[in-house]
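# Structure at a glance
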Amino acid sequence: MRYATILVAAMLAFAGLGIGAGVSDGATPQLGDRCIGADIGRTAIDSRGNHIICDNYRWRLNRGQTPRHPWADEQRQWAECTAKHSTDWCRRHLNGR
């Protein structure tokens, strides 16, 4: 229940910031457009022939980089930490990064 509340709050915050307000009408994404978390790692070719990738909520030139998804990465780190340590320990060690 707590994680569902956090997820909904994050989605509302992203909506307020305009994150995820990228291509929604089926058009080809363009270099520099915003993209949604579900598209992270997706690749495309824009109208100018650029090979692009959704990386950290933005369509960027695809140079073979590993796409970043900070929110998901932090959630994974939290889950891995709390599986081995107390919540307080994880707060102290992960929040300091």
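Our structure's up above, just so we're on the same page.
For the rest of this paragraph, the subject is the state of the cysteines. Throughout the structure, instances matching the rule amount to 2 disulfides. Across the disulfide from Cys 81 sits Cys 90; the S-S distance is 2.0 Å. Taking the torsion about the S-S bond as the criterion, the Cys 81 to Cys 90 disulfide, at about -100°, is left-handed. As far as burial versus exposure is concerned, Cys 81 and Cys 90 are alike and both buried. Disulfide partners in the chain, listed by the sequence order of the bonded cysteines, are 1-2, 3-4.

The next thing to look at is the side chain of Asp 46. Structurally, Asp 46 can be placed in the loop between β1 (43–45) and β2 (51–55). No salt bridge forms around the buried Asp 46; measuring N to O, its nearest opposite-charge neighbour Arg 48 is 6.4 Å away. Separated by 3.4 Å, the side chain of Asp 46 and the backbone nitrogen of Leu 31 make a polar contact. Separated by 3.0 Å, the side chain of Asp 46 and the backbone nitrogen of Arg 48 make a polar contact.

Reading the values: rules and limits
Residues numbered from 1 in each chain as written. Predicted model: local features only at pLDDT ≥ 70, side-chain atom pairs only at ≥ 80, totals over all residues. Heavy atoms only, no water. Disulfide = S-S within 2.5 Å. Buried < 20%, exposed > 50% of the residue type's maximum accessible area, 1.4 Å probe, protein only. Helix = DSSP H or I, 4+ residues; strand = E, 2+ residues; numbered from the N terminus. Lys, Arg positive; Asp, Glu negative; His and termini not counted. Salt bridge = Lys/Arg side-chain N within 4 Å of Asp/Glu carboxyl O. Polar contact = N/O pair within 3.5 Å; in protein donor to acceptor, adjacent residues only side chain to side chain.

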